[in-house]
Amino acid sequence: MAARTEAWTVRQERITYNATSAMLTAWKKADELAFLNEVSSVPLQQTLRHLQVALTNFFARRARYPTFKSKKKSRRSAEYTTSAFRWRDGQLTLAKMAEPLNIVWSRPLPEGATPSTVTVSQDAAGRWFVSLLCEDVIPAAAAVNTAVGVDAGLESLLTLSTGEKIVNPRHERADRARLARAQRDLFRKEKGSANRAKARLKVARVYARIADRRRDYLHKLSTRLVRDNQTIVIEDLSLRNMVKNHTLARAISDAAWRQFRAMLEYKADWYGREVIAADRWFPSSKLCSACGTLAENLPLTVRSWTCRCGAVHDRDVNAARNLSAAGLAVSACGAGVRPQRESSRTRRPAVKQETQGRPREPTPI
């Protein structure tokens, strides 16, 4: 990366992937970079290919300019193609290794599948992972004639249009005392010492425990919703603006609504389901699900309210039912859940909308 940037900015010279590959060969012969010979050349070449893809995406305006990644903060990984590993009898042997890896498999490979790429990575907690890329066909699930609206919250993680409220486990809060104790121990250790490195691992393991439990819970929840419903309607939340509320930012981050939505979307694509994101200005909470009357003012502190038609609503259940109704209309006509917005003179937005300018692009390499 540094060589390509420097070549253009200093000498106005373009360096391609083939040129960087030749540079890698020369670097291996240098005494100060002799350690590059200790590993297989395939992961090193794959890194150069990833850099080429990143720059191509940047020039095509699909991504930002690539940057250096921290060895301490980033997840370290190495990618092996078929020429750099052997898969035989359920055992994996990497290049320059005499014995197969001792792996505790999380799941069996698809029947008859042969891995085409192997990625070995280490997270901040010091745990090693092996990811195998295989071709697999996921059969579409049997169609069901059900739709559900999903309202996200903090008291209840999700409220469904059926009236069910799914508890918010608050994984970060459950381990907050343990995390605080580990962070205090880390703060007391001298920088650069071995004890500080051990304390840092303890903090990372607490974070890993929180993330693992949260991810497991969201996987089970999203799989259940996709399995039981043909159409799932969610809110298009502006989380970037919501976390600016410092009172709720920690709880919002712990709820991981963005991660849950990503799981819903790719699992729905796998199994032939439909996920619809309602416009963030859709008044799901203030709209009476019985008569359609729009309440004029409904602060967040009001958790239940009574409409003029006499219907008594739980705020979250009412919102989920309105989302479900909107989703059924969308599924029938193919339009988006985009109601007409009020005039900017009469509407006070609940979340400020911001448009960020496009970052300045460096000179092409």
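Up top is the structure.
For every chain, the first residue of the written sequence is number 1, and numbering continues from 1 along that sequence. Where local features are concerned, this predicted model is filtered to residues with pLDDT of at least 70; where side-chain atom pairs are given and counted, the filter is 80 or more; whole-chain, interface and lining totals use all residues. Side-chain descriptors were evaluated using all non-hydrogen atoms of the structure, hydrogens and water having been removed beforehand.

One can describe the packing of helix α6 (residues 194-228) onto helix α9 (residues 257-271) by two numbers: an axis separation of 9 Å at closest approach and a directional angle of 40°. Here α6 lies oblique to α9, going by the angle between them. For the crossing formed where α6 meets α9, the hand is right-handed. In this structure, α6 uses R214, R215, L218, H219, L221, S222, T223, L225 and V226 to contact α9, whose residues at the interface are Q259, F260, M263, L264, Y266, K267, A268 and Y271. Its residues assigned to classes, the contact of α6 with α9 shows 10 nonpolar, four polar and three charged. Interaxial angles span 0 to 180 degrees and are taken between N-to-C directions of axes, which are lines fitted to C-alpha atoms, for helices over the stretch in contact. The secondary structure listing takes helices from DSSP runs of H or I that are at least 4 residues long and strands from runs of E that are at least 2 residues long, numbered from the N terminus. Should an angle fall under 35 degrees it is taken as roughly parallel, and over 145 as roughly antiparallel, whereas 65 to 115 is taken as roughly perpendicular and any remaining angle as oblique. Take the far helix as your reference; a near helix turned counterclockwise from it by less than a right angle gives a left-handed crossing, and one turned clockwise gives a right-handed crossing. By definition in these notes, contact holds between two residues if any of their heavy atoms fall within 4.5 Å. Note that Gly is not counted as nonpolar here; it falls among the polar residues with everything else outside the nonpolar set of Ala, Val, Leu, Ile, Met, Phe, Trp, Tyr, Cys and Pro and the charged set of Asp, Glu, Lys and Arg.

Moving on: empty space enclosed by the protein. A cavity here means a set of points on a 1 Å grid, drawn over the protein atoms and nothing else, where a 1.4 Å probe fits but cannot get out; a pocket is an open set with protein on both sides within 12 Å along at least five of seven lines, and a residue lines either one if it has an atom within 4 Å of a point. Grid points are joined across faces, edges and corners, and a volume is the space filled by probe spheres set on the points. All told, the structure shown has one cavity of 30 Å³ or more when counted by the stated rule. Approximately 50 Å³ is the volume found for the largest cavity. For the lining of the largest cavity, the secondary-structure elements that each account for two or more residues are α6 and α8 (249-255). Among the elements that line the lining of the largest cavity, the one with the most residues is α6, at three residues. Of the residues that constitute the lining of the largest cavity, the class distribution is five nonpolar, two polar and three charged.

What follows is about the pairing of strand β7 (residues 156-160). Burial of β7 is extensive: five of the five residues sit out of reach of the surface. By the bridge criterion, three bridges tie strand β6 (residues 147-152) to β7 in an arrangement that is antiparallel. Each bridged residue has a counterpart across the sheet, and for A152 the counterpart in β7 is L158. The antiparallel pairing of β6 with β7 creates a hairpin that spans three residues between the two strands. Paired strands, in this sense, are two strands between which DSSP finds at least two bridges. Here three bridges tie β7 to strand β8 (residues 165-167), and the two strands are oriented antiparallel to one another. Across the sheet, the residue bridging to S156 is V167, located in β8. Connecting β7 to the next strand, β8, in antiparallel fashion are four residues, including G163 with a positive phi near 100°. A 1.4 Å probe rolled over the protein chains alone gives each residue an accessible area, and that area as a share of the maximum for its type sets the label: buried under 20%, exposed over 50%, partly exposed in between.

Turning next to the pattern of salt bridges. The salt bridge criterion pairs a side-chain nitrogen of Lys or Arg with a carboxyl oxygen of Asp or Glu, the two atoms within 4 Å. This model, assessed by the stated rule, comprises 17 salt bridges. For E164, the salt bridge goes to R224, with nearest N and O atoms at 2.6 Å. On the criterion of sequence distance, the pair formed by E164 in the loop between β7 and β8 and R224 in helix α6 is long-range, its members being 60 residues apart. Among the residues examined, E164 registers a relative accessible area of 31% and is labelled partly exposed. The exposure class of R224 is partly exposed, given its relative accessible area of 26%. Across the salt bridge formed by D175 and R213, the nearest N and O atoms sit 3.6 Å from each other. Taken as a pair, D175 in the loop between α4 (171-174) and α5 (176-188) and R213 in helix α6 lie far apart in primary sequence, 38 residues in all. Using a relative accessible area of 33% as the deciding quantity, one classes R213 as partly exposed. Put simply, D123, R127, D212 and R215 are held in one network by salt bridges that share partners.

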